Structures are given as C-alpha cells and as structure tokens.
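These are the residues of each chain, in order.
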Amino acid sequence: MSQQKALLLEKAKGAFVVSTVPISKPGPGQISIKVIAAALNPVDWKIQAWDFFMKKYPAILGTDIAGDVEEIGEGVEGFSKGDKVFCQGFFVNEMAGFQQYTSIPADIVGKIPSNIDYAQAATIPLGFSTAAIGLLRAQPEGGGLNPTFDPKVNFSGEPAIVVGGSTSVGQYAIQLLHLLGYSTIIAYASARHTDYLKSIGATHVIDRGEIPIGRLAEAAKKVANAPIKIAYNAVGDNDSLAACIAAIVEGGQVADVNPQAKNEDSGNGKRVFAIFGSSHHPPHRDFAGIQWKTLPNLVAEGKIVPNRVEKVPNGLAGIDEGLQKLKANKVSGVKLVAFPQETALSLVHWVPTPGLHRPVSFVSLGHQRTAIPTL
Ligand SMILES: NC(=O)c1ccc[n+]([C@@H]2O[C@H](COP(=O)([O-])OP(=O)(O)OC[C@H]3O[C@@H](n4cnc5c(N)ncnc54)[C@H](OP(=O)(O)O)[C@@H]3O)[C@@H](O)[C@H]2O)c1
C-alpha cells in the first residue's frame, strides 16, 4: 500500500480538503505510524487563520498522534511493528497527525501503556510536552524545576498557580506540579471544573466566573499564604500574564504559552519566558528524549492521566468542524480527538496539489463541494 488519505490545508489561509496522497517512508532513526487517533489543538486553527510555521502548501497539520508502529527506519531499536505508540507531530507534512500514516523520530515516541486507549493517548503529547518544557526543562527555555524528571525532587510547602487550569495544557501543568510535591496548587478555571481539577492535583480552584482576572493575583496570594515562585499561564493573553506577574514574588517566574510573552516591566525581578512546546525542537531534544522514556511509566502508574476525550466523527473530514468549535471557544475541559482510519470516500474529485506528489483522488468537505479546482 502506497497511498493514504490526508487532510490538506490547500494554501495559506485556505480550506481544508481530504485528499489521497502518498505515504512517506520512515527515514533513518524514524518509525512510521498508522495513525489511529489524532487530537485537535488551537494551533491547528491558528495556522489556518494566520499562516505561520508551515513552509509549504498544501500542508498537513496535526500535532497529537496515537497509533500502531507500521514500519521501522534504519538504526531504530526498541520498537516492533504493531507496538501501540503516542507522540507529537511536527509542522512538516511527513510528520503531521491529520493523515493515516506519519513518520516520527523514534527517540521522541512513547509506548502507550495498557491502562489507556488510543484516543486518551492522543490527548497527551502536545499538552504534556508544553507543560513539562515550561515547568521542568532547564532555564532559559523552561522553569528548570526538574530537567531530569528525578522522582526525588520535591517542592513540599510551596505554592504554585496555573491560570487556565481547565485547558489541556493547564491540566498537565497541574499534574506535574502535584508530582513535584507542591503543597498548594491553585487553578484559575470555571467552577464547573472544580471537582475534576481537584481530582488531578489542584488544591484550590478560583472560579473565573466569580473572580475577574484583574483580582486573581490578590485572591491567589490569599490562598497561597506563602510566596508564589512559579506561575504557569496556559491562557496566554495580556490580562492573564499581568495576573501571573502580579501573583508571583520577586525572583519568581512565569511560564507562558504565548510565544510573544515577555515581562514589560523587566526591572521588577520577575522572570517571564515563552514556551515552545515541541519535542521536535532541536534545543529541547535531549529533554524530550528523557520525557518520552519517563512519560509512559507515569501514565501506567496513574500519576499522569489523559484529558477527557470528546470524539470527532467522520474521520479526517470531521476535523474542520472540530477546529471551528475550538476557535469559537466552544470546547471546555475536554480534548477533541479524530480517527483518521475512519475517513470515508464520499466524493472523488481531481485537483492539482503542487508540492505533494500527484494525488489519485480527492474528497471535498460538505460545505466546499462546489469549489473544485481543475488543472
Ligand atoms: N507555546 C506553545 O508551544 C503552546 C503549546 C500548546 C498550546 N499552546 C496555547 O496554549 C493555550 C491553551 O491550549 P489548550 O489546547 O490547552 O487549550 P484548550 O484546552 O482548547 O482550552 C480550552 C479551555 O480554555 C479555558 N479558558 C479560556 N479562556 C480562559 C481564561 N481567560 N481563563 C481561564 N481559562 C480560560 C476554558 O475554560 P473554561 O471552560 O473553564 O471557562 C476551556 O476549558 C492556547 O492558546 C494554545 O494555542 C501553546
């Protein structure tokens, strides 16, 4: 078999279409994975809306992958065909998740433990990596709290805050802080998530429906009752950053998911850094290697639990609608997960796809059926 279905972003800021494209072979050090589950992330709709990261179009997106090892590249050890694995996709077509087969460097692939399924596993890679890089990885790229995942590291007695506690990333940040032994873990989230966030390690949930972001720092300091040295901002807007900076003590730090985050008042002795949450990023690679060896055990032991899953129907064709839900802020506390192998060929058309090999067929999404380009 040499062909597969993939969700193509036709051009910069263009439409998503399901097409048939060749399957790439794994390069040296890579494994090819049959993608069973692929989670949706804000970055996917943001790339479509704003055009960044992707150097070539048509582009295949998707950064959260779970599936079966299909083929092993040269020099790879420790994996066999059929192993159940999970990993992060990257912003090049061969390594993306919104297709039926992908190829990923084996050193940043983990084996799925038997206590979770493919869909649950697909909720973990990007969210967990972004939380782990922000909190654990050595400075200056991370918070430096535990770069080797040493189980003896302990911050007992200290408080920490996660703004956006119910986001996918925030849920993993809470769990990591819990693993690090923080005594007080404050999550800022909607009250309806309180029980769940407490079940994964939050000690206090400040209701964002009751306490506006401008009063969060004051409320958090009251709860913490000790200097807060670390804040994780999983929301990433200016107001949430200002709240994090106000909540921490001088000498403390804010890990922020906004790639542009910086401390405007840089003389105040508080460190703000932007997280690039990718295991593929060369400077993160050593840390990511340790992460992907450690993570499956943490999941198997129940120390890291996946996000709750909302299934996206219609295989790759359902992803566009899911991304629109994410964009409209209609996803709360769960991760949307699609199943690329469930993609059906409902319409077959022919379109040119420069930059990719010639497709053999093309499936347009429901609302795009009239726009069929020709040669
Ligand atoms: N820098 C990186 O490498 C990187 C990596 C991954 C993600 N990100 C970014 O990180 C952010 C979170 O991503 P995600 O996938 O974790 O998001 P997500 O799970 O899709 O976020 C949805 C949640 O956001 C919460 N939320 C929205 N606005 C909020 C606010 N003002 N305060 C508190 N909570 C708020 C909602 O909470 P309620 O329902 O409780 O109201 C909802 O549960 C996104 O902006 C994403 O682009 C960056």
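The written sequence of each chain sets the order in which its residues are numbered from 1. For a predicted model such as this one, the threshold for reporting local features is a pLDDT of at least 70, and the threshold for listing and counting side-chain atom pairs is 80 or more; totals across whole chains, interfaces and linings nevertheless cover every residue. Only hydrogens and water are set aside; all other atoms, that is, all heavy atoms of the structure, feed into the side-chain values.

## Remarks on the site of the ligand
Here, proximity means that at least one heavy atom of the residue falls within 4 Å of the molecule or strand. Inspection of the region around the ligand gives 24 residues, with Ser-190, Arg-208, Val-257, Gly-277 and Ser-332 positioned closest. With respect to the ligand, the backbone of Ile-275 contributes an N or O atom lying 2.8 Å from a nitrogen atom. Ser-332 has a polar side-chain atom sitting 2.4 Å from an oxygen atom of the ligand. Contact with the protein chains removes 83% of the 930 Å² of surface that the ligand exposes when unbound. Strands here are runs of E lasting at least two residues and helices are runs of H or I lasting at least four, both read from the DSSP assignment and numbered beginning at the N terminus. At the level of secondary structure, the elements contributing two or more residues to the shell around the ligand comprise α1 (42-50), α3 (125-135) and α4 (168-179). Under the scheme applied here, ten amino acids are nonpolar (Ala, Val, Leu, Ile, Met, Phe, Trp, Tyr, Cys and Pro), four are charged (Asp, Glu, Lys and Arg), and all others, including Gly, are polar. Split by residue class, the shell around the ligand holds 11 nonpolar, 10 polar and three charged. Both domains that meet at the shell around the ligand, namely domain 1 (3-124 + 306-368) and domain 2 (127-274), each give it at least three residues. Within 3.5 Å is the distance limit for a polar contact, defined as a pair of N or O atoms, with the added protein rule that one can donate a hydrogen and the other accept it, and that residues adjacent in sequence qualify only through two side-chain atoms. Residue burial considers only the protein chains on display, and all accessible areas are found by Shrake-Rupley using a 1.4 Å probe. Residue ranges for the domains originate in an automatic or database domain assignment.

## Some thoughts on the UniProt feature "domain: Enoyl reductase (ER)" (unreviewed entry) in the protein
UniProt positions are given in the numbering used here, feature names are shortened, and annotations may be inferred rather than shown by experiment. The sites that UniProt annotates as "domain: Enoyl reductase (ER)" (unreviewed entry) are residues 14-338. With 27% helix and 23% strand, the stretch residues 14-338 has end C-alpha atoms that lie 21 Å from each other.

## Overview of the domain arrangement of the protein
Accessible area lost when the parts come together is the quantity often used to give the size of an interface. Each domain of the protein was delimited in the assignment, giving domain 1 (3-124 + 306-368) and domain 2 (127-274). Relative placement of domain 1 and domain 2: their C-alpha centres are 30 Å apart. By definition, residues are in contact when any of their heavy atoms lie within 4.5 Å. Of the residues lining the interface, nine residues belong to domain 1; the matching set on domain 2 comes to 10 residues. Throughout, buried area stands for the accessible area (probe radius 1.4 Å) lost by two parts on being put together, summed over both. Of all residues in domain 1, Ile-124, Asn-307 and Arg-308 give up the largest surface area on contact with domain 2, accounting jointly for 50% of the area buried on that side. The rule for a salt bridge is simple: a side-chain nitrogen of Lys or Arg has to be within 4 Å of a carboxyl oxygen of Asp or Glu. Applying the counting criterion to the domain 1 and domain 2 interface returns zero salt bridges. Across the domain 1-domain 2 interface, the total number found is 11 residue pairs in polar contact (both at pLDDT 80 or more). Across the side of domain 1 that touches domain 2, the residue classes break down as two nonpolar, five polar and two charged.

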